Amino acid sequence: MSKFGMYAKFTSKPGDREALAAILLEAAAAAETVNECELYIVNLSESEPDVLWVTEVWSNAEAHAASLKDEATRATIQRAMPLIAGVEPIPLVPVGGKGLVFGAKDA
């Protein structure tokens with residue numbers, strides 16, 4: 001089964017980027033206990049003052065989808081929604097690189 005990755009571009013409402021970043025960092029901390037979440041990084045754009053990027057790698061797409069149904073995750077999303085002007089998800093299939101471990105099951 002292939003790993004699942006995503007770049008998610010979040011555009012905050014003007015002036016809300018730091019508050020949104022704080023909520024996304026809470027989500028990253030919560031993901032520490034989820035074995036299927038291999039990477040969750042919150043990035044601030046240097047050139048766009050209202051933009052954040054989240055970089056995610058999951059063991060598979062099903063694990064990512066299941067995480068979005070989790071009650072705590074849904075509550076976090078609801079808290080973030082008033083701060084968000086837009087989201088552009090870019091799904092990916094990670095194939096390798098520094099920091100990711102691939103085994104036979106990922107082939």
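Heads up: the structure comes first, above all this text.
Residues numbered from 1 in each chain as written. Predicted model: local features only at pLDDT ≥ 70, side-chain atom pairs only at ≥ 80, totals over all residues. Heavy atoms only, no water.

1. Thoughts on the layout of surface pockets
Taken as a whole, the largest pocket holds about 650 Å³ of empty space. Contributing to the lining of the largest pocket are 28 residues, with A27, Y40, L68, T73 and I77 lying nearest its centre. Where the lining of the largest pocket is concerned, the elements lending two or more residues are β1 (4-12), α1 (17-31), β3 (51-58), α2 (61-67), α3 (71-80) and β4 (84-92). Take the lining of the largest pocket: its biggest share by element is six residues, from α1. Among the residues forming the lining of the largest pocket, the class breakdown is 20 nonpolar, five polar and three charged. (1 Å grid on protein atoms, 1.4 Å probe; cavity = no way out; pocket = protein on both sides within 12 Å on 5 of 7 lines; lining within 4 Å. Points joined across faces, edges and corners; volume = space filled by probe spheres on them. Helix = DSSP H or I, 4+ residues; strand = E, 2+ residues; numbered from the N terminus. Nonpolar A, V, L, I, M, F, W, Y, C, P; charged D, E, K, R; others polar.)

2. Observations regarding the environment of L39
Secondary-structure assignment places L39 in strand β2 (residues 37-44). Of the residues examined, L39 reaches a relative accessible area of 27% and is grouped as partly exposed. The spatial distance from the C-alpha of L39 to the C-alpha of P14 is 28 Å, given a sequence separation of 25 residues. With sequence-adjacent residues up to four places away left out, L39 is seen in contact with T55, E56 and V57. (Buried < 20%, exposed > 50% of the residue type's maximum accessible area, 1.4 Å probe, protein only. Contact = heavy atoms within 4.5 Å.)

3. So, a nonpolar patch on the surface
Taken together, the side chains of L68, I77 and M81 present a nonpolar region at the surface, about 240 Å² in accessible area. In this structure, L68 sits in the loop between α2 and α3. Taking the relative accessible area as the measure of exposure, L68 reaches 39% and is therefore partly exposed. (Patch = residues over 30% accessible without salt bridge, like charges linked within 9 Å, V, L, I, M, F, W, Y side chains within 5 Å. Areas by Shrake-Rupley, 256 points an atom, 1.4 Å probe, with all protein chains shown as cover. Salt bridge = Lys/Arg side-chain N within 4 Å of Asp/Glu carboxyl O.)

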